[in-house]
Amino acid sequence: MTLFAAVDDEIRDARDRARRRDQLTRQRATLLTQIEEVRGMLADLERQLAKEDRDVAKLEQGGFAALLAGLTGSKEERLARERAEAVAARQRVTGQRTRLSRG
């Protein structure tokens with residue numbers, strides 16, 4: 001191998017490493033953006049879950065909303081719906097937490 005061939009190989013290797021570094025830098029930036037989006041989504045879902053849990057608690061404990069629902073005969077139906085919404089919200093929160101932990 002000539003001196004020029006060795007230099008050419010080193011230049012080619014350096015160019016390949018630089019290309020790979022650029023590719024990894026772009027991937028890292030994309031992943032950081034996705035992580036921030038998931039964190040924001042998770043915060044929104046946690047707020048929604050807290051609201052759903054409060055709705056269920058209000059109906060279970062009684063109070064004005066439960067009284068009105070009871071008078072119209074829809075308390076159990078509404079309680080079942082609120083519980084289902086809370087379960088769905090909890091599952092979405094769990095899913096996003098899992099997604100974030102894998103990122």
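Placed above this text is the structure.
The model shown is predicted, which means the values in this text are computed figures rather than measured ones. (Residues numbered from 1 in each chain as written. Predicted model: local features only at pLDDT ≥ 70, side-chain atom pairs only at ≥ 80, totals over all residues. Heavy atoms only, no water.)

Colleague: Describe in detail a positive patch on the surface, supporting the description with residues and values.
Modeller: A cluster of basic residues, R54, K58, R78 and R81, forms a positive patch on the protein surface. Broken down by secondary-structure element, the contributors of at least two residues to the positive patch are α1 (3-61) and α3 (75-102). With respect to the helices and strands, K58 occurs in helix α1. Looking at K58, the relative accessible area reads 49%, which means it is partly exposed. (Patch = residues over 30% accessible without salt bridge, like charges linked within 9 Å, V, L, I, M, F, W, Y side chains within 5 Å. Areas by Shrake-Rupley, 256 points an atom, 1.4 Å probe, with all protein chains shown as cover. Salt bridge = Lys/Arg side-chain N within 4 Å of Asp/Glu carboxyl O. Lys, Arg positive; Asp, Glu negative; His and termini not counted. Charge placed at Lys NZ, Arg CZ, Asp CG, Glu CD. Helix = DSSP H or I, 4+ residues; strand = E, 2+ residues; numbered from the N terminus. Buried < 20%, exposed > 50% of the residue type's maximum accessible area, 1.4 Å probe, protein only.)

Colleague: I'd love a proper account of the pattern of salt bridges, names of residues and values included.
Modeller: Side-chain pairs of opposite charge can arise whenever the charged atoms involved come near each other. Inspection of every chain in the model, using the stated rule, returns 8 salt bridges. Here D22 ties to R21 by a salt bridge, and the two come within 3.1 Å at their closest N and O atoms. By relative accessible area, R21 is classed as exposed at 52%. Taking the shortest distance from any N to any O, the salt bridge between K51 and D55 comes out at 2.7 Å. Residue K51 and its partner D55 are both found in helix α1; the two are separated by 4 residues, about one turn of the helix.

Colleague: An account of the nonpolar core is requested, with residue identities and associated values reported.
Modeller: Note that soluble globular proteins tend to have their nonpolar side chains buried in a common cluster. Grouped together as the largest cluster of nonpolar side chains are 5 residues: L42, L45, L49, A89 and V93. Of all the secondary structure elements, the ones that give two or more residues to this core are α1 and α3. In terms of residue count, α1 provides more of this core than any other element does, 3 residues in total. Discounting residues that sit within four places of it in the chain, V93 has contacts with L42, L45, E46 and L49. (Core = buried A, V, L, I, M, F, W, Y, C linked by side-chain atoms within 4.5 Å. Contact = heavy atoms within 4.5 Å.)

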